[in-house]
Amino acid sequence: MNGIGSEMWLALVTCFAAIFTQNILLTTFLGMCPFTSVSREVKTAAGLGAAVVFVMTFTTALNYLAYKHVLLPLELEFFRFILFIIIIAAFVQFVEMVIDRYSPKLYQNLGIFLPLITVNCAILGASLFMVIREYTFIQTIGYGFGAGVGWLLAILAMAGIRTRLNESRVPEGLRGPGITLIIAGMMALAFIGFTGVLS
Amino acid sequence: MKNKPFFAVVYMFIVTAFFSSILILFAQLTRERVEANKQLAFEKAVLAVFPETAGVEKKNIHTVFVEQFTEDKTSGAWLWKPSGKLSGYAVPIEGKGFWASIKGIVGVTIDRQTITGIAFYEQSETPGLGARIVEPDFCGQFVDRKIAAGDSPIGIKPPSETLKDNQVHAITGATQTCVRLEILMNDGLKQWQQSMSNGGPQQ
Amino acid sequence: MSPQPAKPMKDLVADGLWRDNPIFRQVLGICSTLAVTNVVLNTVVMCTSLTLVTAISCMTVSLLRHWTPRNIRMMVQTLIIAFYVIIVDLILKAYWPEMSRNLGPYVGLIITNCIIMGRCEAFAGSNPPAPSFVDGLFSGLGYSLILVAISVVRELLGMGTILGFAMPYFSSDLWDKWVIMVMPPGAFFTLACMIWLCRSIKKKEAKS
């Protein structure tokens, strides 16, 4: 019992660390492409973010199982890049089909973001980090969820700031991606403040 | 024929099989080398913790390692016997860093009071920040530091603090790595001390 | 995705390096590499790998373009890219273990780099192998140019060194090292300034 309890606690810590101190976007720069292009409106940002949380949690878990129980016994660790991508693509396709069939309303809101996710480097990145950090299964779930929530948080904050920014006078060359990156830098600076809260 | 569904499947299958077989072949070819690299990195780290063996040329590392070091099965440390006489301990340390595991070696004098050096052979800390633990600027600080009795044999303190004789300065900007390193070093050293007090190795 | 008619090689070079430079035109593909730009050496190795993978993948995609069914072309492209990335990863592991450890998972992340996919889709899929190779090579080089520039700024201001060598002034006591430059926020700020600079130069060019 105690073993499970401490494992759950570890997973919780991993989850919070992934959201704040090791935010996948602000410290490892993964998922930058959609971050700069889809962060113009809060609503779309929230949709994409929610889809990322969902897909990331499940694909890291699936990839963990595939890595531990298929690739490692076969000594084909180097194959993980290909296998992870296939699993992610297949999962996204599957979810798209299910949502389309059972909840057309959700599909309208979330569906358009799903294909975008397959090429989101944060999703593959989370799976690769999970392998490198040698997490246990429960920790992996905590990590996948936390990394997704961290990404959601960052893109939501960015979208909120950017809608305000429409009104302000930004130097011409800095408009668009330039100012987005500066704001991201400031957010990263703020997130460094979380270091030490969790160790 | 190009647009029939079965062609797509067959095509995908052929392409995957073709590329995969090349990869498997390639991985087989490099596997031995990768293993050898790992072993060499370990041996190099063991030699690096004693000033006398630290400067050994790359091609001689393996011979020197085999000649002068033997593993002590009970404590897990490597015994350094340059001319048949026990002259120091190379204590392996291992644990979770900020990213992945950090593995290293701590060199300890024969009286078990002083550190002779420290080296790492496996780490994936942030390049330019945590990864600088392998640099001489950081590792060099440990040379001749004392091992304190009690719960924390060594300490890694922020650069602003004045140091006791068992402490070193952390790397600015790599707080996370240094906190974890302190924990794993202390755990490794304490564990070794414990196994030594239960009857050390025979000289 | 309009199929370009045969362009002279010279144009491909200029497009990749400056006119259509993927980074400050669309801010694409920085994800996998930005994280290692705090040390110049890591950046150079990472960018070399990326450029080679882009060029060779584009060539392979182009060679297979007549046989690949349209509906599965993305999967085939991903597979080809992944294949070369794994080879790079294995070579680094076997012959340069220290570097392989430094770059960690970032080598693998080259697979999801939008630039490679983008070049395969936009150019290699409808052009012969030789121009595709050149196109991939110079898109990769244009990308590398900016990232290496970023890494030089970051390493110099943050650690006072370039390629590990101490620089005069910057590594002395006169220069208070900006540790923040080696940390993640420094990457965002440097990249933003770089984009600002390039866009301003472009505007001037367009005016004159």
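Please read all numbers here as calculations on a predicted model, not as lab measurements.

1. Section: the state of the cysteines
Residue and element names in this part refer to chain C.
Here is step 1 of the chain: The tally for this structure, following the rule as stated, stands at zero disulfides over all chains.
Here is step 2 of the chain: Summary of cysteine pairing: C198 is not part of a disulfide, and the nearest cysteine sulfur, belonging to C193, is at 11 Å.
Here is step 3 of the chain: By relative accessible area, C198 is classed as buried at 10%.

2. Section: a nonpolar patch on the surface
Residue and element names in this part refer to chain B.
Here is step 1 of the chain: Judged by side-chain polarity, F6, V10, F13 and I14 come together as a nonpolar surface patch covering roughly 440 Å² of accessible area.
Here is step 2 of the chain: Mapping F13 onto the fold places it in helix α1 (residues 5–48).
Here is step 3 of the chain: A relative accessible area of 62% means that F13 is categorised as exposed.

3. Remarks on the environment of C33 of chain A
Here is step 1 of the chain: With respect to the helices, strands and loops of the structure, C33 of chain A is situated in helix α2 (residues 32–37).
Here is step 2 of the chain: Separated by 82 residues in the primary sequence, C33 of chain A and P115 of chain A place their C-alpha atoms 14 Å from one another.

4. Description of the confidence of the model for chain A
Here is step 1 of the chain: This prediction gives chain A a mean pLDDT of 84; 94% of its residues lie at or above 70.
Here is step 2 of the chain: Confidence, read as mean pLDDT per element, is least for helix α6 (residues 114–118) of chain A in chain A (71) and greatest for helix α8 (residues 137–165) of chain A (92).

5. Here's the deal with the pairing of strand β5 (residues 115–122) of chain B
Residues and elements named next belong to chain B.
Here is step 1 of the chain: Burial of β5 is extensive: seven of the eight residues sit out of reach of the surface.
Here is step 2 of the chain: Relative to β5, strand β4 (residues 101–109) is paired through six bridges, and the arrangement is antiparallel. When the bridges of β5 are listed, V108 appears paired with I115.

6. Quick look at the packing of helix α3 (residues 42–74) of chain A against α8 of chain A
All names here are of chain A.
Here is step 1 of the chain: Packing of α3 against α8 brings their axes to within 8 Å, and their N-to-C directions diverge by 165°. Between α3 and α8, the interaxial angle falls into the category roughly antiparallel. Where α3 crosses over α8, the handedness of that crossing is right-handed.
Here is step 2 of the chain: For the contact of α3 with α8, a count of residues per class yields 21 nonpolar, seven polar and no charged.

7. Side note on the interface of chain C and chain A
Here is step 1 of the chain: At the interface, 35 residues of chain C touch 36 residues of chain A.
Here is step 2 of the chain: Between chain C and chain A lies a buried interface of about 3,100 Å² when both sides are counted; carbon and sulfur atoms form 85% of it.
Here is step 3 of the chain: Contact with chain A buries surface across chain C, with C31, F188 and W196 of chain C losing the most and accounting together for 20% of the total.
Here is step 4 of the chain: Scanning the region where chain C abuts chain A turns up zero salt bridges.
Here is step 5 of the chain: The interface formed by chain C and chain A contains zero residue pairs in polar contact (both at pLDDT 80 or more).

8. Some details on α3 of chain A
All names here are of chain A.
Here is step 1 of the chain: Over its 33 residues, α3 extends 45 Å from the first C-alpha to the last, a length consistent with the 48 Å expected when each residue adds 1.5 Å.
Here is step 2 of the chain: Taking the largest bend as the criterion, α3 deviates by roughly 35°, centred on Y67.
Here is step 3 of the chain: One or two steps after α3, the chain reaches E75, where phi turns positive at roughly 55°.

9. Considering the interface of chain B and chain C
Here is step 1 of the chain: With 27 residues of chain B at the contact, the number on the chain C side is 30 residues.
Here is step 2 of the chain: Across the interface of chain B and chain C, roughly 2,600 Å² is buried in total on both sides, 75% from carbon and sulfur atoms.
Here is step 3 of the chain: Together, Y11, F19 and P127 of chain B form the three largest contributors to the area buried by chain B at its contact with chain C, with a combined 23%.
Here is step 4 of the chain: Connecting chain B to chain C are four residue pairs in polar contact (both at pLDDT 80 or more).
Here is step 5 of the chain: When residues of the side of chain B that touches chain C are traced back to their parent elements, those giving at least two are α1 and β5 of chain B.
Here is step 6 of the chain: Top contributing element to the side of chain B that touches chain C by residue count: α1 of chain B, with 16 residues.
Here is step 7 of the chain: Split into classes, the residues belonging to the side of chain B that touches chain C amount to 15 nonpolar, eight polar and four charged.

10. Some details on the pattern of salt bridges
Between side chains of opposite charge, a pair can form as their charged atoms come close.
Residues and elements named next belong to chain C.
Here is step 1 of the chain: Overall, the coordinates contain eight salt bridges over all chains when judged by the stated rule.
Here is step 2 of the chain: For the salt bridge of D89 with K93, the shortest nitrogen-to-oxygen distance reads 3.3 Å. With D89 and K93 both in helix α5 (residues 73–95), this residue pair falls four residues apart, about one helical turn.
Here is step 3 of the chain: Residue classification places D89 among the buried residues on the basis of a relative accessible area of 6%.
Here is step 4 of the chain: A relative accessible area of 31% places K93 in the partly exposed class.
Here is step 5 of the chain: Here R119 makes a salt bridge to D135, at a shortest N to O gap of 3.0 Å. Taken together, the residues R119 in helix α7 (residues 114–122) and D135 in helix α8 (residues 129–159) connect sequence positions 16 residues apart.
Here is step 6 of the chain: Given the relative accessible area of 4%, D135 is considered buried.

11. Focus on the confidence of the model for chain C
Residue and element names in this part refer to chain C.
Here is step 1 of the chain: Residue-level pLDDT values for chain C average 83, and 93% of them are 70 or greater.
Here is step 2 of the chain: Within chain C, no element has a lower average pLDDT than helix α2 (residues 22–26), which sits at 65, and none a higher one than helix α4 (residues 40–63), at 93.
Here is step 3 of the chain: Across the assembled chains, the prediction reports ipTM 0.83 with pTM 0.83.

12. Things to note about the nonpolar core
Here is step 1 of the chain: In this structure, M32 and I117 of chain A are the most contacted members of the largest nonpolar core, which totals 120 residues.
Here is step 2 of the chain: Per-element accounting of this core gives the leading share, 13 residues, to α5 of chain C.
Here is step 3 of the chain: In contact with M32 of chain A, not counting residues within four places along its chain, are L25 and L181 of chain A together with I30, C31 and F188 of chain C.
Here is step 4 of the chain: Residues L86, I93, I118 and M196 of chain B belong to the second largest nonpolar core, which totals 35 residues.

13. Here we look at α1 of chain B
Here is step 1 of the chain: Given a rise of 1.5 Å per residue, 44 residues ought to cover 64 Å, and the 61 Å separating the end C-alpha atoms of α1 of chain B matches this to within 8%.
Here is step 2 of the chain: Approximately 40° is the largest bend angle found in α1 of chain B, and it occurs at T30 of chain B.

14. Here we look at the packing of α4 of chain C against α5 of chain C
Residues and elements named next belong to chain C.
Here is step 1 of the chain: Between α4 and α5, the least distance of the axes is 9 Å, while the angle of their chain directions is 140°. Comparing the axis directions of α4 and α5 gives the class oblique. Read as a crossing pair, α4 and α5 show a hand that is right-handed. In contact with V45, S49, V53, I56, S57, T60 and V61 of α4, α5 contributes Q77, I80, I81, Y84, V85, V88 and L92.

15. Here we look at the packing of aromatic side chains
Here is step 1 of the chain: Here the structure, examined in full by the defined rule, presents 28 aromatic pairs over all chains.
Here is step 2 of the chain: For the pair Y169 of chain C and F170 of chain C, a centre-to-centre distance of 5.4 Å together with 80° between the ring planes defines the contact as edge-to-face.
Here is step 3 of the chain: The ring centre of F129 of chain A lies 5.6 Å from the NZ or CZ of R133 of chain A, which sits over that ring.

About the criteria used
Residues numbered from 1 in each chain as written. Chains lettered and ligands numbered in written order. Predicted model: local features only at pLDDT ≥ 70, side-chain atom pairs only at ≥ 80, totals over all residues. Heavy atoms only, no water. Disulfide = S-S within 2.5 Å. Buried < 20%, exposed > 50% of the residue type's maximum accessible area, 1.4 Å probe, protein only. Patch = residues over 30% accessible without salt bridge, like charges linked within 9 Å, V, L, I, M, F, W, Y side chains within 5 Å. Areas by Shrake-Rupley, 256 points an atom, 1.4 Å probe, with all protein chains shown as cover. Salt bridge = Lys/Arg side-chain N within 4 Å of Asp/Glu carboxyl O. Helix = DSSP H or I, 4+ residues; strand = E, 2+ residues; numbered from the N terminus. pLDDT = per-residue confidence, 0-100. Pairing = 2+ DSSP bridges. Axes fitted to C-alpha atoms, helices over the stretch in contact; angles between N-to-C directions. Parallel < 35°, antiparallel > 145°, perpendicular 65-115°, else oblique. Left-handed = near helix turned anticlockwise from the far one by under 90°. Nonpolar A, V, L, I, M, F, W, Y, C, P; charged D, E, K, R; others polar. Contact = heavy atoms within 4.5 Å. Buried area = accessible area lost by both parts, 1.4 Å probe. Polar contact = N/O pair within 3.5 Å; in protein donor to acceptor, adjacent residues only side chain to side chain. Expected span 1.5 Å × (residues − 1). Bend = angle between axes of the 7 residues up to and from the residue. Core = buried A, V, L, I, M, F, W, Y, C linked by side-chain atoms within 4.5 Å. Phe/Tyr/Trp six-rings, centres within 6.5 Å; stacked < 30°, edge-to-face > 60°. Lys NZ or Arg CZ within 6 Å of the ring centre and 35° of its normal.

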